[in-house]
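In case you want the letters, here they are:
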Amino acid sequence: SSGINAEYGGDGEVRDGFVQSGLWAYCRHPNFLCEILIWWVFAMIPLSRVGCGWSLVGAVNLTGLFTGSQDLTEQISASKYPEYRRYQETVPAFIPSVRMMTIKRRD
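Here the structure is a predicted model, which means the values were calculated and not measured. (Residues numbered from 1 in each chain as written. Predicted model: local features only at pLDDT ≥ 70, side-chain atom pairs only at ≥ 80, totals over all residues. Heavy atoms only, no water.)

Caption draft 1: Looking closely at the packing of aromatic side chains. Taken as a whole and assessed by the stated rule, the structure comprises six aromatic pairs. Here the aromatic rings of Phe18 and Tyr87 are separated by 5.1 Å at their centres, their planes lie at 50 degrees, and the arrangement is tilted. Here Phe18 is found in strand β2 (residues 18-19), whereas its partner Tyr87 is found in helix α4 (residues 84-90), with 69 residues between them in sequence. Arranged with centres 5.4 Å apart and planes meeting at 85 degrees, the rings of Trp39 and Phe42 form a pair that is edge-to-face. A residue pair is termed a helical-turn pair when its members lie 3 or 4 positions apart in one helix, as Trp39 and Phe42 do in helix α2 (residues 30-50) at three residues. (Phe/Tyr/Trp six-rings, centres within 6.5 Å; stacked < 30°, edge-to-face > 60°. Helix = DSSP H or I, 4+ residues; strand = E, 2+ residues; numbered from the N terminus.)

If you want it as structure tokens, here you go:
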């Protein structure tokens, strides 16, 4: 336990075995969300220029891949860390809610 906290500065950033601060306070998988958004932007560029719908195939497939990966990582984390279930109930997987962001700012 102290090895994890020391690795992350020892300021309590890693609580209960997983990160819950910063972007992870608003979204459980901000890295997956950004990766999905990047691929959708890449897909929209040719669509807007030449009207090629085939560019969407990659974005759709990668969205499915990351969604499936999210399911797997959620199962692993929930089995490893008892507090992860509470975290799942309070923090959205991908899309942060506006309500949550305003509540966290007031705290």
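Caption draft 2: Inspection of a nonpolar patch on the surface at higher detail. Taken together, the side chains of Ile38, Trp39, Val41, Phe42 and Ile45 define a hydrophobic patch exposed on the protein surface, amounting to about 470 Å² of accessible area. Topologically, Ile38 is positioned in helix α2. (Patch = residues over 30% accessible without salt bridge, like charges linked within 9 Å, V, L, I, M, F, W, Y side chains within 5 Å. Areas by Shrake-Rupley, 256 points an atom, 1.4 Å probe, with all protein chains shown as cover. Salt bridge = Lys/Arg side-chain N within 4 Å of Asp/Glu carboxyl O.)

Caption draft 3: Representation of the side chain of Gln70. The topology assignment puts Gln70 in helix α3 (residues 55-80). Residue contacts for Gln70: discarding those within four places in its chain leaves Arg28, His29, Phe32, Ala93 and Phe94. (Contact = heavy atoms within 4.5 Å.)

Caption draft 4: Examining the nonpolar core more closely. Of all hydrophobic cores here, the largest spans seven residues; its members are Cys27, Phe32, Leu33, Ile36, Phe66, Ala93 and Phe94. With three residues, α2 is the largest single contributor of residues to this core. With residues up to four places along the chain from it excluded, the contact list for Ala93 reads Cys27, Arg28, His29 and Gln70. Grouped together as the second largest cluster of nonpolar side chains are five residues, Phe18, Ala78, Tyr84 and Tyr87 included. (Core = buried A, V, L, I, M, F, W, Y, C linked by side-chain atoms within 4.5 Å. Buried < 20%, exposed > 50% of the residue type's maximum accessible area, 1.4 Å probe, protein only.)

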